[in-house]
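Structure assessment
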Amino acid sequence: MKITVNGVGREVRSTMLAEALEELDYATAVIATALNGHFVATAARSSTVLAEGDQVEVVAPMQGG
Amino acid sequence: MDIYGIEIVSRLLLGSGKYPSPTIMTEAVVASGTGIVTVSLRRESGTQRSGQDFWAMIRGLGVRILPNTAGCYSVKEAVTTAQMARDVFGTSWIKLEVIGDADTLQPDVFGLVEAATLLAEDGFEVFPYTTEDLVVAERLLEAGCRVLMPWASPIGSGKGLNNVFGLRTLRAHFPEVPLIVDAGIGLPSHAAAAMELGYDAVLLNTAVAMAGDPVAMAGAFAKAIEAGRAAFLAAPMEPRDMASPSTPLIGKASLE
């Protein structure tokens, strides 16, 4: 299934967000996620279903003022 | 100083952006004596994981984290970013930025009030980056904010207190509300001036990070903020237009 992760097209096998993130090497990473512009909490990732063409944003702590 | 029930010791809040290196950033944080560091959220690559190293470094400093919504131009973006920040950082604190103009990075105060209302209702403890506008300040307090962070001048400009009258008026109008000058500070003297006006704290980033020696500058700001606070508590004299000799004329020798 093709989805977009941080603006880049990616192919994933899983249809669940948590598993797709593991496929994409985010396992154990401290991250926050949004699906199609809506926040998805860490606890909700394992029950969040992905669909073809979904837009996923994955962010992590970064420098800022 | 008490903010959202937390006792704050250092009146300097420091940003973590723009430093020449991570090591210099951590040294500057230590030199500043700050207990609160602002951080952001940005896209993370699953393979590069640069955010993970940064987060490990920040956690090692043992400071309280104030995540921001920097770069957000809409209420939706800012609220979603705040939700993601709470998930990652495990704090309900959020430095709320809703930017309205790209050149000045001036807050969109209408969006700011709307986003602050939504976030406060959702349990966030909002630190709104705002202007010195009194009416907007009132609206933010009505929205549930318990601290206000007016700008001194545009973010990263280093121009200092652009509207002393406005900042003084805000302080006088809200004597019990914690007020933190956020953005536009360039020199320790600017920070001291804000503290002399009775502001409770100063949040700065670029002035330290972009100094030739950020660590030394962090220490200089710490001293200036402490001096400014002490001066405010000591009740500064009122300025006057005409001179007033400090040496008594009585007893002056007659030498003509």
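Before reading on, note that the structure itself is shown above.
Report follows, based on the coordinates. Because the structure is predicted, anything quoted here is derived from the model rather than measured.

**Some remarks on the overall build of chain A**
- Tallying secondary structure elements over chain A gives one helix and five strands in all.
- Helices and strands appear in chain A in the N-to-C order β-β-α-β-β-β.
- For chain A, the C-alpha radius of gyration of 11 Å lies close to 11 Å, the compact-globule estimate for 65 residues.
- Along the three orthogonal principal directions, the C-alpha set of chain A runs to about 35 × 25 × 20 Å.
- Restricting the contact set of chain A to residue pairs at least 6 apart, pairs at least 24 apart contribute 52%.
- Split by element, the accessible area of chain A, about 3100 Å² in all, is 51% carbon and sulfur.
- Averaging the positions of the 4 positive and the 8 negative side-chain charges in chain A gives two centres separated by 3 Å.

**Considering the pattern of salt bridges**
- Overall, the coordinates contain seven salt bridges over all chains when judged by the stated rule.
- With a closest N to O distance of 3.8 Å, Asp-87 of chain B and Arg-45 of chain A form a salt bridge. Residue Asp-87 of chain B is found in helix H3 (residues 75-89), and its partner Arg-45 of chain A is found in the loop between strand S4 (38-40) and strand S5 (55-63); the two belong to separate chains.
- Put simply, Lys-95, Glu-97 and Asp-182 of chain B are held in one network by salt bridges that share partners.

**A word on helix H5 (residues 134-143) of chain B**
Residues and elements named next belong to chain B.
- Looking only at H5, the buried set comprises Val-136, Ala-137, Leu-140, Leu-141 and Ala-143. Down the axis of H5, the buried set is contained in an arc of 155°. They therefore lie on one face.
- Residues of H5 that are buried sit in contact with helix H4 (109-121), strand S7 (125-130) and helix H6 (164-173).
- Its side-chain oxygen placed 2.8 Å from the backbone nitrogen of Val-135, Asp-133 serves as the N-cap of H5.

**Here's the deal with the sheet that holds S7 of chain B**
Residue and element names in this part refer to chain B.
- Read across the sheet, three strands follow the order S6-S7-S8 without closing on themselves; strand pairing throughout is parallel. Two strands close off the open sheet at either side, each with one partner strand: strand S6 (93-96) and strand S8 (149-150).
- Inspection of the sheet shows S7 paired to S8 by two bridges, in the parallel sense. Bridge pairing links Thr-130 to Pro-150 in S8.

**Some remarks on the pairing of strand S5 (residues 64-67) of chain B**
Residue and element names in this part refer to chain B.
- Two elements, strand S4 (residues 36-43) and S5, share four bridges in a ladder whose sense is parallel. What sits directly across from Val-39, in S5, is Pro-67.
- After leaving S4, the chain enters helix H2 (residues 50-60) and then returns to the sheet as S5, a path that is right-handed.

**Thoughts on the interface of chain A and chain B**
- Of the residues lining the interface, 29 residues belong to chain A; the matching set on chain B comes to 30 residues.
- When the buried surface of chain A facing chain B is broken down by residue, Pro-61, Met-62 and Gly-65 of chain A rank first, second and third, together holding 27% of it.
- At the junction of chain A with chain B, the criterion picks out two salt bridges.
- Note that Glu-57 of chain A and Arg-43 of chain B form a salt bridge whose closest N and O atoms lie 2.8 Å from each other.
- Applying the counting criterion to the chain A and chain B interface returns 18 residue pairs in polar contact (both at pLDDT 80 or more).
- The element best represented in the side of chain A that touches chain B is S5 of chain A, accounting for seven residues.

Procedures and definitions
- Every residue gets a number counted from 1 within its own chain, in the order that chain's sequence is written.
- To read the labels, note that chains go from A and ligands from 1, taken in the order they are written.
- Thresholds applied to this predicted model are a pLDDT of at least 70 for local features of residues and 80 or more for the giving and counting of side-chain atom pairs; totals over whole chains, interfaces and linings are not thresholded and use all residues.
- Hydrogens and waters are ignored; side-chain quantities use all the structure's heavy atoms.
- Here a strand is any run of E in DSSP of at least two residues, a helix any run of H or I of at least four, and the numbering for each starts at the N terminus.
- Throughout, radius of gyration means the C-alpha value; the globule benchmark is 2.2 Å times the number of residues raised to the power 0.38.
- In this description, contact between two residues means that some pair of their heavy atoms is separated by no more than 4.5 Å.
- What sets the accessible areas is the Shrake-Rupley method with a 1.4 Å probe; for residues, cover comes only from the shown protein chains.
- Neither His nor the chain ends contribute to the count of charged residues, in which Lys and Arg are positive and Asp and Glu negative.
- For the purpose of locating charges, the reference atoms are NZ of Lys, CZ of Arg, CG of Asp and CD of Glu.
- What counts as a salt bridge is simple: a side-chain nitrogen of Lys or Arg found within 4 Å of a carboxyl oxygen of Asp or Glu.
- Here the term buried applies to any residue with accessible area under 20% of the maximum for its type, exposed to any over 50%, and partly exposed to those in between, with areas from a 1.4 Å probe on protein chains only.
- What the arc covers is the set of directions going from the helix axis to the C-beta atoms.
- Any pair of nitrogen or oxygen atoms within 3.5 Å is treated as a polar contact; in protein, a donor-acceptor pairing is required on top of that, and neighbouring residues in sequence qualify only through side-chain atoms on both sides.
- Two strands are counted as paired when DSSP detects at least two bridges linking them.
- Consider the strands pointing away from the viewer: the crossover is right-handed when the path from the first strand over the helix to the second runs clockwise.
- Accessible surface is computed with a 1.4 Å probe, and the buried area is the amount of it that two parts give up when combined, taken over both parts together.

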